[in-house]
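Structure at a glance
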Amino acid sequence: MSEPKNPTPAADTYKGWVFKWTNYIKGYQRRWFVLSNGLLSYYRTQAEMGHTCRGTINLATATITVDDACNFVISNGGAQTYHLKASCEVERQRWITALELAKAKAARLQAESDDSGDDFPSSSLPVAPGQGGGSQNSEVQAALRTLGSKVEDLSTCNDLISKHGSALQRSLSELDNLRLPGEAGDKFRQVTERATLFRITSNAMINACRDFLALAQAHNKRWQKALLAEREQRVRLEEALEQLAKQHNHLERAFRGAAQANAAPDNKGATGPGKGEASDEDDDNEFFDAVEEAPEFITVPADPQFHKSSSSASGFNTEMCSDDQSLNDEPLAMNQELPSQDLVPLKKRRTRIPDKPNYSLNLWSIMKNCIGKDLSKIPMPVNFNEPISMLQRLSEDLEYHELLDKAAKCHSSLEQMCYVAAFCVSAYSTTVYRTGKPFNPLLGETFELDRRRESGYRSLCEQVSHHPPAAAHHVISERGWTLRQEITVASKFRGKYLSIMPLGTIHAVFAKSNNHYTWKKVTTTVHNIIVGKLWIDQSGEIDVVNHTTGDRCHLKFAPYSYFSRDIARKVTGVVMDKDGKAHYVLSGTWDEKMEFSRVMQSSRGGENGTEGKQKTVYQTLKARELWKRNPLPDGAESMYFFTALALTLNEPEEGVAPTDSRRRPDQRLMEDGRWDEANSEKQRLEEKQRSARREREREAASQRASSQSEEAVDEDSFGDPSLKSVPHDNYKSRWFDRCEDQITAE
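Keep in mind the model is a prediction, meaning the values are calculated, not measured.

1. Digging into the packing of helix 9 (residues 402-409) against helix 10 (residues 413-426)
Between helix 9 and helix 10, the least distance of the axes is 8 Å, while the angle of their chain directions is 170°. Classified by the angle their axes make, helix 9 and helix 10 are roughly antiparallel. Residue-level inspection shows Leu403, Leu404, Lys406, Ala407 and Ala408 of helix 9 in contact with helix 10, the latter providing Gln416, Tyr419, Val420, Ala422, Phe423 and Ser426. For the contact of helix 9 with helix 10, a count of residues per class yields eight nonpolar, two polar and one charged.

So this is what it looks like as structure tokens:
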């Protein structure tokens, strides 16, 4: 037998040649066995270890039995059974000891994985470069786990030594009581076997103790150094905290003295702006921590000197405080102009739809022919859809319409910009779990959402073009704002992900101030189309522009990165006036909430960017919440993750137009869970739409031909290449007119 050098049963890996039973013709054949990490594998030769494994058995659930002096059996309950034979009894005992140790360790690790898999969550997370604390914590956790493993090995060896020592003592006692010479040979062999087993186990115990001692000595100096550094850092932090406490006490006394001096000449100081702003400044003293490094700017707490200036009679500050009080304290009036409607009870909207059925689908058989193509031109089964149309999905932008209600009440255009920007971000909060594709609207399809009595607005959408798909949306609110948009969606399937690029501009106009805002949408990406769990990300930049005052807000949606230290789905922005001066900093996430902070001072400085440019440092006051996402309804995971508003969009209503999305039969069938019928109806409607389009193109071609034959086309028309290409589609939308926008020239 070719045995491994210095075999150590307690080590992590044990190798050697063992005879394995193959069949009745060949009998036992020599195989190379490797025991590692609780798995026993075998190969025909040592050379096969790199590429071909003949079999593996998990010892955590296996049983080990001994047949005779050299034979033993390993089985995991019938699926796998190895009949093995060692070259001698000593070799068999070495393998039995190693297998028992490995089995005990594998069973212990499996129990820990089942019962306390989250004991060390921080060690399993990636640690970004530069995060010394996290890296040290990860090293300590790893060292503790290794030491714990060695202690468990020692405990297992101790149990085996006690077991084999007791057996050896019993054999020696039986040897002393022997009287017949014939029985001595068997007893001596049994005592020798048990003594050999005890020696092997003792050697394993000694090796485990040596490994534990070496590991403990290796980490001892490092831990002592880390402990000393922690103590020194604690002392420095205590000294810094004491110094900050003294400075805070001094600034507080100075502030109170200045506030009393400013309030004394004014008779209204007790109840006027002096007292009111002093209470506000108490809140502003609670500075927030510096924001994580951002690509374009850095925010830090404002210098305390600005508290004194902000408590003075600044027109900008007074205007902001009055707006804050009006927005935070005064409830929004609902239909004050129509008090008689309050006597009529509001319609009760539905809060549930039928649960989504679980139908299997071979995704790759459909998607492999779609790579690189526009998704709007590919017939897709309803298995990829959600039971609402794109027109209804556009109307979901009004989920947080109260942000525009608050914006309409603002006196400051800069603060109004903050609420408009928050409304831009809130439109994406409904997409975080929504991986289903909305139904492509049919040409001429409409959707009317009348919420004047509940929320004060009325919305109308119409599909005005089919190729490319384009929808027009108009919203009129009784609370002083109008919203309109024309969205054309371009989508590309790239194999691993799907990119959805909305094209078009969104307009918001406020009647009181005549402020006119415009912005565009960012790119939506659906990941893991083929393999894995679908998830959605939003990335890109948005410029919200006030064309009346020249104010601007630049929003940046950070794309998800596994190696980023920032929070996921992060959004940052800066509100600037027409001169480029920053007044507010926005921060938050597009799926959770947005906050705004007033900028007191800005300067060039901070760390150098990737292009060698210095970043702008903004000194800001305490952040205030602009918007927070509403919780999803109960059971939303079985209802396509619809929000409370989305659940009501496809609810049947009386008096809607015949072209309304609620009347689509395929969409209604899908909502009811009858997907096979929905697929058939969807194909019928799409074929009917294609036939109608071909008919319109034929009519347009015949009209053009007759016009050309009568020489009714002027000279400029002959130079128009569009007239020499495919026939025109003479479709005209019903509720919207195509014209040039005076603001954007689109």
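Additional details are given in the paragraphs that follow.
2. Describing the pairing of strand 11 (residues 446-451)
Two faces make up the sheet, and in a regular strand the side chains alternate between them. Judged from the six bridges that link them, strand 11 and strand 12 (residues 457-465) form a sheet pairing that is antiparallel. Its bridge partner lying in strand 12, Thr446 is registered against Glu462. Between the antiparallel neighbours strand 11 and strand 12 lie five residues, among them Gly456 with a positive phi of about 85°.

3. Topic: the nonpolar core
Formed by 52 residues in total, the largest nonpolar core has its most connected members in Trp481, Leu483, Trp519, Val544, Leu555, Phe557 and Leu586. With 10 residues, the top contributor of residues to this core is helix 10. Listed in part, the 19 residues of the second largest apolar core include Phe33, Ala62, Ala98 and Ala102.

4. Remarks on helix 10
The first and last C-alpha atoms of helix 10 sit 20 Å apart over 14 residues, in line with the 20 Å expected at 1.5 Å per residue. Burial within helix 10 is extensive, with 14 of its 14 residues counted as buried. The backbone nitrogen of Leu414 has a side-chain oxygen 3.3 Å away, supplied by the residue at the start of helix 10, namely Ser412.

5. Here's the deal with the pattern of salt bridges
Counted according to the given criterion, the structure contains 32 salt bridges. When the shortest N-O distance is used, the salt bridge between Arg349 and Glu454 registers 3.0 Å. Taken together, the residues Arg349 in the loop between helix 6 (315-329) and helix 7 (363-367) and Glu454 in the loop between strand 11 and strand 12 connect sequence positions 105 residues apart. Notably, a salt bridge pairs Lys593 with Glu595, separated by 3.5 Å at the nearest N-O pair. The structure contains a network of salt bridges with shared partners spanning Arg349, Glu454, Glu653, Asp660 and Arg662.

6. Description of a nonpolar patch on the surface
Residues Trp535, Tyr560, Tyr562 and Phe563 make up a contiguous nonpolar surface patch of about 510 Å² in total accessible area. Position of Tyr560 relative to the elements: it lies in the loop between strand 20 (552-557) and strand 21 (570-576).

7. Notes on the UniProt feature "coiled-coil region" (unreviewed entry) in the chain
Under the present numbering, the feature "coiled-coil region" (unreviewed entry) in UniProt falls on residues 220-254. Counted over residues 220-254, helix gives 100% and strand 0%. Its end C-alpha atoms are 51 Å apart.

8. Comments concerning the pairing of strand 20
Bridge analysis of strand 19 (residues 535-546) against strand 20 gives six bridges, and the strand direction is antiparallel. Looking at strand 20, one finds that Glu541 is bridged to Lys556. Following strand 19, the chain reverses through five residues before pairing antiparallel with strand 20; Gly550 in that reversal takes a positive phi of roughly 90°. In this structure, strand 20 lies alongside strand 21, joined through six bridges in antiparallel fashion.

Parameters at a glance
Residues numbered from 1 in each chain as written. Predicted model: local features only at pLDDT ≥ 70, side-chain atom pairs only at ≥ 80, totals over all residues. Heavy atoms only, no water. Axes fitted to C-alpha atoms, helices over the stretch in contact; angles between N-to-C directions. Helix = DSSP H or I, 4+ residues; strand = E, 2+ residues; numbered from the N terminus. Parallel < 35°, antiparallel > 145°, perpendicular 65-115°, else oblique. Contact = heavy atoms within 4.5 Å. Nonpolar A, V, L, I, M, F, W, Y, C, P; charged D, E, K, R; others polar. Pairing = 2+ DSSP bridges. Core = buried A, V, L, I, M, F, W, Y, C linked by side-chain atoms within 4.5 Å. Buried < 20%, exposed > 50% of the residue type's maximum accessible area, 1.4 Å probe, protein only. Expected span 1.5 Å × (residues − 1). Polar contact = N/O pair within 3.5 Å; in protein donor to acceptor, adjacent residues only side chain to side chain. Salt bridge = Lys/Arg side-chain N within 4 Å of Asp/Glu carboxyl O. Patch = residues over 30% accessible without salt bridge, like charges linked within 9 Å, V, L, I, M, F, W, Y side chains within 5 Å. Areas by Shrake-Rupley, 256 points an atom, 1.4 Å probe, with all protein chains shown as cover. UniProt positions renumbered as here; feature names shortened; annotations may be inferred.

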